[in-house]
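# Tertiary structure, described
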Amino acid sequence: MVAVALVDAEGRVLVQQRPPGKPMAGLWEFPGGKVEPGEVPEAALVRELAEELGIEAEPGALTPIAFASETLGARHLLLLLYRADAWQGTPEPRHASALRWVHPAAMRALAMPPADVPLVDALERLLSSSVSA
Ligand SMILES: Nc1nc2c([nH]c(=O)n2[C@H]2C[C@H](O)[C@@H](COP(=O)(O)OP(=O)(O)OP(=O)(O)O)O2)c(=O)[nH]1
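Everything quoted here is computed from the prediction, not taken from an experiment. (Residues numbered from 1 in each chain as written. Predicted model: local features only at pLDDT ≥ 70, side-chain atom pairs only at ≥ 80, totals over all residues. Heavy atoms only, no water.)

### A word on a nonpolar patch on the surface
Definition in use: Residues form patches when they are more than 30% accessible in relative terms and have no salt bridge. Like charges link within 9 Å. Nonpolar side chains (Val, Leu, Ile, Met, Phe, Trp, Tyr) link within 5 Å. In these tables, accessible area is a Shrake-Rupley quantity obtained with a 1.4 Å probe, and a residue counts as shielded only by the protein chains included in the view. Salt bridge criterion: a side-chain nitrogen from Lys or Arg within 4 Å of a carboxyl oxygen from Asp or Glu. Strands here are runs of E lasting at least two residues and helices are runs of H or I lasting at least four, both read from the DSSP assignment and numbered beginning at the N terminus.
Judged by side-chain polarity, Phe-67, Leu-78 and Leu-80 come together as a nonpolar surface patch covering roughly 290 Å² of accessible area. Relative to the helices and strands, Phe-67 is located in strand E5 (residues 63-72).

See the structure below:
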């Protein structure tokens, strides 16, 4: 699994709400999805961003920042989180129920999948250190 924190000029991050009918419906997550067999992770993310949000990103604009390793029922989820500060187009919720731009500190108030909790901590540390640097 690959996912991305899209970061805007104010340091806010895009989250999308999982739609009804899916596992974990209603929870807020980072855009992303499965890496297909033989697919390079960054290419998978570029594909998912086009499918889910209708935006274009360059593979080279995706920076790895953290990963999560979490058992979910009978499955094990390994989620690679990237960051992107540049893309083309305006994100639209093509698969999600809704989109929100939120500061990492405010993400704690949103219901997110369990694997995302340590990722939000990592993101908050990363974005707060880049502001003060
Ligand atoms: N995209 C995304 N998925 C996440 C996050 N956190 C987290 O636990 N997941 C889990 C939820 C799902 O089990 C899996 C996402 O897989 P997916 O989006 O390709 O699949 P899905 O369950 O939405 O449904 P489908 O596409 O297989 O029909 O990863 C996150 O922040 N972003």
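### Considerations on the site of the ligand
Our working definition: We define proximity as follows: a residue is near a molecule or strand when any one of its heavy atoms falls within 4 Å of that partner. N or O atoms closer than or at 3.5 Å make up a polar contact, with two conditions inside protein: a donor-capable atom paired with an acceptor-capable one, and, for residues adjacent in sequence, both atoms drawn from side chains. Polarity classes work like this: nonpolar for Ala, Val, Leu, Ile, Met, Phe, Trp, Tyr, Cys and Pro, charged for Asp, Glu, Lys and Arg, and polar for all others, with Gly in that last group.
Lining the immediate environment of the ligand, one finds 15 residues, of which Arg-18, Lys-22, Phe-30, Lys-34 and Asp-116 sit closest. Within the backbone of Phe-30, a nitrogen or oxygen atom sits 2.7 Å from a nitrogen atom of the ligand. Separating an oxygen atom of the ligand from a side-chain N or O atom of Lys-34 is a distance of 2.7 Å. For the ligand, whose unbound accessible area comes to 610 Å², protein coverage reaches 80%. Breaking the shell around the ligand down by element, the ones donating at least two residues are strand E4 (32-33) and strand E6 (75-84). Here the shell around the ligand takes 3 residues from E6, the largest share from any one element. Looking at the shell around the ligand, its residues break down into 7 nonpolar, 2 polar and 6 charged.

### Digging into the pairing of E5
The cut-off we apply is this: Two strands are counted as paired when DSSP detects at least two bridges linking them.
Note: E5 against E6, 9 bridges, orientation antiparallel. Counted as the bridge partner of Thr-71 is His-76 from E6. Hairpin connection from E5 to E6: 2 residues lie between these consecutive antiparallel strands, with Gly-73 at a positive phi of about 60 degrees.

### Comments concerning the nonpolar core
Where we set the bar: Among the buried residues, those of types Ala, Val, Leu, Ile, Met, Phe, Trp, Tyr and Cys that are joined through side-chain atoms within 4.5 Å form a nonpolar core. The classification of residues rests on relative accessible area computed with a 1.4 Å probe and restricted to protein chains. Under 20% of the type maximum is buried, over 50% is exposed, and intermediate values are partly exposed. The contact criterion used throughout is that any non-hydrogen atoms of two residues lie within 4.5 Å.
Ranked by internal contacts, the top residues of the largest apolar core, which has 21 residues, are Val-13, Val-15, Phe-30, Met-107 and Met-112. Considering every element that reaches this core, the biggest residue donor is helix H3 (residues 116-132), with 4 residues. Not counting the four nearest positions on each side in its chain, Val-15 is found in contact with Trp-28, Glu-29, Phe-30, Ala-98, Leu-99, Arg-100, Val-102, Met-107, Leu-110 and Met-112. Within the second largest apolar cluster, 13 residues are counted, among which are Val-2, Val-4, Leu-49 and Ala-84.

### Quick notes on the packing of aromatic side chains
Working definition: an aromatic ring pair is given by the centre-to-centre distance plus the angle between the planes. Note the following rule: Only centres within 6.5 Å qualify two rings of Phe, Tyr or Trp (six-membered ring in Trp) as a pair; their planes then separate them into stacked at under 30 degrees, edge-to-face at over 60, and tilted for everything else. Whether a charge lies above a ring is judged from NZ of Lys or CZ of Arg, which has to be within 6 Å of the ring centre and within 35 degrees of the ring normal.
Here the structure, examined in full by the defined rule, presents 1 aromatic pair. Both rings, one in Trp-87 and one in Trp-101, keep their centres 6.0 Å apart while their planes meet at 15 degrees; by these two values the pair is stacked. On the criterion of sequence distance, the pair formed by Trp-87 in the loop between E6 and strand E7 (99-102) and Trp-101 in strand E7 is long-range, its members being 14 residues apart. The exposure class of Trp-101 is partly exposed, given its relative accessible area of 28%. Lying over the aromatic face of Trp-28, Arg-100 brings its terminal NZ or CZ to 5.6 Å of the ring centre.

### Focus: the sheet that holds strand E3 (residues 28-29)
Spatially, the 3 strands line up as an open sheet ordered E3-E2-E7, and their pairing is antiparallel. Where the open sheet ends on each side, the last strands, each with one partner, are E3 and E7. Examined bridge by bridge, strand E2 (residues 13-17) and E3 share 2 bridges and lie antiparallel to one another. Within the sheet, the bridge partner assigned to Gln-17 lies in E3 and is Trp-28.

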